[in-house]
Structure formats: structure tokens, C-alpha cells
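Chain by chain, the residues run as shown.
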Amino acid sequence: MKITDLLNEDRITLSFEVFPPKKAEKFEAVKNAAEAIADLHPSFMSVTYGAGGSTAGFTAELAADLKKETGVTVLPHLTCVGSSREHADRMIDQYVREEIENIMVLRGDMPNGGEIETDFTHASDLIAYIKSRSDVCIGGACYPEGHPESYNKNDDLKGLKAKVDAGCDFLTTQMFFDNNIFYNFLYRAGRAGINVPILAGIMPITNAKQLDRSVALSGTNVPERFRAIVDTFKDNPSAMKQAGIVYASEQIIDLIANGVKNIHVYSMNKSDVAAGIMNNLSEILK
Ligand code: FAD
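Quick summary incoming for the structure in this document. Position labels on residues start from 1 in each chain and follow its written sequence. For this predicted model, a pLDDT threshold of at least 70 governs which residues receive local features, and a threshold of 80 or more governs which side-chain atom pairs are given and counted, while totals over whole chains, interfaces and linings are taken from all residues. Water and hydrogen atoms play no part in the side-chain values, which are based on all heavy atoms of the structure.

### A short note on helix α9 (residues 224-233)
Side chains of residues three or four places apart in an α-helix project in the same direction, reflecting 3.6 residues per turn.
Working step 1: With a 1.4 Å probe rolled over the protein chains alone, any residue whose accessible area is under 20% of its type maximum counts as buried; one over 50% counts as exposed, and the rest are partly exposed. Segments assigned H or I by DSSP are reported as helices when at least four residues long, segments assigned E as strands when at least two residues long, and all are numbered from the N terminus. Taken residue by residue, α9 has F226, I229 and V230 as its buried positions. Burial along α9 is one-sided: seen end-on, the buried residues are contained in an arc of 95 degrees. Exposed side chains of α9 directed beyond 90 degrees from the buried face belong to E224 and T232.
Working step 2: As for α9, its buried residues are in contact with α8 (208-218) and α10 (237-257). Here the arc refers to the directions that run from the helix axis out to each C-beta atom. Any two residues whose heavy atoms approach within 4.5 Å are treated as being in contact.

This is how it looks when you write it as C-alpha cells:
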């Protein structure tokens with residue numbers, strides 16, 4: 001099923017993200033965790049693409065297995081970094097053969113220190129290329145707090161508009177911990193003529209190191225309220241996990257209460273965390 005068709009339905013969508021392993025010996029464990037998440041009946045599941053194309057084969061294999069064995073709608077990611085035209089052709093052909101109708105297209109980040117082959121400078125270049133070859137539904141990334149390389153937020157919105165004009169069908173945001181930042185972004189994106197659905201990206205933080213890593217990568221603002229929660233519970237792993245699940249659930253409830261109907265959860269292969277969120281929302285999602 002195309003994700004745009006799901007997003008057009010008059011109901012809330014909640015989707016989860018998993019990441020494939022870098023090594024074959026870990027594939028089975030990741031697949032089991034991903035299948036446990038699929039058993040929660042999310043609207044769809046995305047499968048990330050390792051930096052520099054390091055997980056290309058496993059991304060495709062995990063997405064295909066999930067679709068075949070659980071029936072869940074899948075969204076494999078593909079990055080410009082590590083993609084020649086020939087590589088992109090191979091991936092597109094494989095997804096068309098497997099009747100996978102959605103691809104999340106990113107520019108990707110350079111792996112540490114490496115010169116990397118790519119025929120596509122921006123996500124918009126790869127999106128236009130895929131759209132010229134197939135009618136697959138395409139997702140792209142957006143940044144409520146601005147992409148770290150953008151000069152300012154207005155410039156970032158110009159890049160985003162180019163991405164949508166290239167054929168991007170929907171957008172998913174970088175994680176944010178303050179919903180007001182997302183509401184402000186929705187307003188600015190609308191004024192910039194960006195009219196595709198925008199999924200709110202929510203990252204449940206279940207340990208302090210994960211928060212530090214995520215913030216270092218994305219520059220995401222951490223509200224004092226959330227910082228206090230992490231500072232209080234960081235040395236008690238089960239309390240921190242519970243608090244992280246509740247904080248993410250509260251963010252989602254507030255989003256839904258404010259009319260946001262499409263939410264994507266960075267569940268990071270943690271089926272217990274995904275289940276905790278689903279459980280907290282069980283009546284709300286009915
Ligand atoms: P782009 O859209 O190319 O944007 C990069 C910069 O260029 C921005 O500053 C933008 O404003 C500017 N820009 C964009 N288009 C144009 C244009 N046409 N002309 C001029 N400037 C332009 N990384 C991975 O390696 N694998 C993944 O699976 C992955 N999944 C992700 C999922 C989500 C939801 C998000 C938010 C990020 C993900 N990333 C992933 C990280 C992403 O690759 C990085 O954030 C990367 O630095 C930017 O990717 P992009 O697709 O937004 O790039």
C-alpha cells in the first residue's frame with residue numbers, strides 16, 4: 001500500500017522505525033525485534049539505511065521480510081551518499097519486483113572521513129531521478145529546528161520546497177522534544193507553500209547516553225522539563241525507560257489533541273518501548 005493513501009484516510013497513523021544490523025550474524029535478532037514491533041499493528045514501518053550505504057543489502061532484506069512475513073506496509077530508506085545511478089536503479093528495480101511501493105529518500109551523512117561515490121547531491125536530485133523511473137511513493141526528511149548545514153531556517157525551507165517540487169509525497173521530521181517547535185514549523189512550512197503531509201517524528205529517550213548522542217547529531221533543543229526528568233532518572237535504567245516512554249506518549253497525546261494525525265516513532269528496534277507507547281495510546285488510537 002502507498003503511504004500517501006494511508007495518510008489520506010480520516011484517522012490517526014502511528015508508524016515505527018527500525019534499523020538493520022551492520023553484520024549478518026545480527027540479522028536474525030534484529031528481524032525478530034522488528035517482527036515483534038510489526039505485531040503491534042503500526043500503520044507502517046520504516047527501515048533505515050546505514051551511513052554511506054553500509055547496510056544497503058540488509059535494509060532491503062529486512063523490509064522485504066517484514067512485508068512478506070507480517071504483511072505490514074514498509075518504507076525502506078535510501079541515501080544519495082553511497083548511491084551511483086546504477087545502484088539506485090538496482091534498488092528501485094528490486095523494490096518494484098517485491099511490490100514495495102514506498103521509499104524514504106535521504107541525502108545521508110558522510111561516514112567518518114570517507115570519500116564516497118554519489119551521483120546525487122541533494123535528496124531532491126535522487127527523488128526526481130526515482131520519480132522519472134517509477135511511480136513509487138516517496139518520503140523525505142525535514143527539520144523543525146533547521147538542518148544543521150542551513151544558513152537559517154528560511155533557507156532550509158527553500159531546500160525543503162525544492163524537495164517537495166521534485167516529487168516528495170510526504171515528509172517526516174527530525175526528532176523534537178518540544179511540540180511548540182513542531183507547531184511553529186507547520187505554520188512556516190505552510191506559508192512556504194509546502195503542502196504535503198508532515199509526520200511528527202518522536203524519539204522515546206530511554207537512557208541519558210541516547211539523549212546526548214541524539215542531541216549531538218541533530219542539535220535538537222531539550223526543554224528544561226525533559227532535562228530534569230533525565231537528570232533525575234538517568235541512574236535508574238528501568239525508571240528512565242518508563243519516564244522516556246511516558247514523555248514520548250504525552251508528546252503524542254498533545255500532538256493528537258492539537259489536530260496532528262500522523263506520527264512516526266523512532267523505536268530503534270526496541271519492541272518493549274514500542275509496545276509501551278501503543279499501550280499508553282490504546283484507547284486514543286481506537
Ligand atoms: P537534503 O534534503 O539534501 O538537505 C541537506 C541540506 O541541503 C539542508 O541544509 C537543505 O536545506 C539543503 N538543500 C536541500 N535541497 C536543496 C537543494 N535542492 N538546493 C540547495 N540546498 C538544498 N541518514 C542516513 O544515513 N540513513 C537514514 O536512513 C536516515 N534516515 C533519516 C530519517 C529522517 C526522518 C531524518 C530526519 C533523517 C534521516 N537521516 C538518515 C539523516 C539525514 O541523512 C541527514 O540529516 C542529512 O544530513 C540530510 O539529509 P536530507 O535528506 O535532509 O538532505
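### Structural notes on the nonpolar core
Taken as a class, soluble globular proteins show a tendency for nonpolar side chains to be buried jointly.
Working step 1: Working definition of a nonpolar core: buried Ala, Val, Leu, Ile, Met, Phe, Trp, Tyr and Cys residues. They are joined through side-chain atoms within 4.5 Å. In this structure, L66, L171, I194, I252 and I263 are the most contacted members of the largest nonpolar core, which totals 64 residues.
Working step 2: Ranked by residue count, the leading element in this core is helix α3 (residues 56-70), at six residues.
Working step 3: Every residue in contact with I194, bar those within four places of it in the chain, is listed here: L157, L160, K161, V164, L171 and A189.

### Brief notes about empty space enclosed by the protein
Working step 1: Note on definitions: the grid is 1 Å and covers protein atoms alone; a cavity is a set of points where a 1.4 Å probe fits but cannot get out; a pocket is an open set with protein on both sides within 12 Å along at least five of seven lines; lining residues have an atom within 4 Å of a point. Grid points are joined across faces, edges and corners, and a volume is the space filled by probe spheres set on the points. One pass over the structure, following the stated rule, counts one cavity of 30 Å³ or more.
Working step 2: Considering only enclosed or pocket space, the largest cavity measures out at about 50 Å³ in volume.
Working step 3: Lining of the largest cavity is provided by Y143, P144, E145, G146, P148, Q174, M175, S218 and T220.
Working step 4: Taken together, the residues of the lining of the largest cavity sort by class into four nonpolar, four polar and one charged. Gly is placed with the polar residues, together with every amino acid not listed as nonpolar (Ala, Val, Leu, Ile, Met, Phe, Trp, Tyr, Cys and Pro) or charged (Asp, Glu, Lys and Arg).

### Notes on the packing of aromatic side chains
Aromatic ring pairs: the centre-centre distance and the angle between the two ring planes describe each pair.
Working step 1: Any two rings among Phe, Tyr and Trp, with Trp reduced to its six-membered ring, count as a pair given centres within 6.5 Å; such a pair is stacked if its planes are under 30 degrees apart, edge-to-face if over 60, and tilted if neither. Under the defined criterion, the tally for this structure stands at six aromatic pairs.
Working step 2: A centroid spacing of 5.4 Å and a plane angle of 45 degrees characterise the contact between F120 and Y129, whose relative ring orientation is tilted. For the pair formed by F120 and Y129, the shared burial category is buried.
Working step 3: Ring pairs connect the aromatic residues F176, F182 and Y183, which therefore count as one cluster.
Working step 4: The criterion is that NZ of a Lys, or CZ of an Arg, lies within 6 Å of the ring centre and within 35 degrees of the ring normal, and then a charge sits over that ring. When the ring centre of Y129 is taken as reference, the NZ or CZ atom of R85 above it lies at 5.8 Å.

### Some thoughts on the pairing of strand β6 (residues 170-173)
Working step 1: Alternating residues of β6 divide into F170 and T172 and L171 and T173, and every residue in both groups is buried.
Working step 2: Examined bridge by bridge, strand β5 (residues 137-142) and β6 share four bridges and lie parallel to one another. Bridge assignment links G140 to a residue of β6, and that residue is L171.
Working step 3: Crossover handedness is defined by viewing with both strands directed away from the observer: a clockwise path from the first strand over the helix to the second marks the crossover as right-handed. A crossover links β5 with its parallel partner β6, the connecting element being helix α6 (residues 153-165), and its sense is right-handed.
Working step 4: Strands are treated as partners if at least two bridges between them are detected by DSSP. Note that β6 and strand β7 (residues 198-202) share two bridges and pair parallel. Bridging across to β7, L171 finds its partner in I198.
Working step 5: The parallel pair β6 and β7, bridged by helix α7 (residues 179-191), forms a crossover whose chirality is right-handed.

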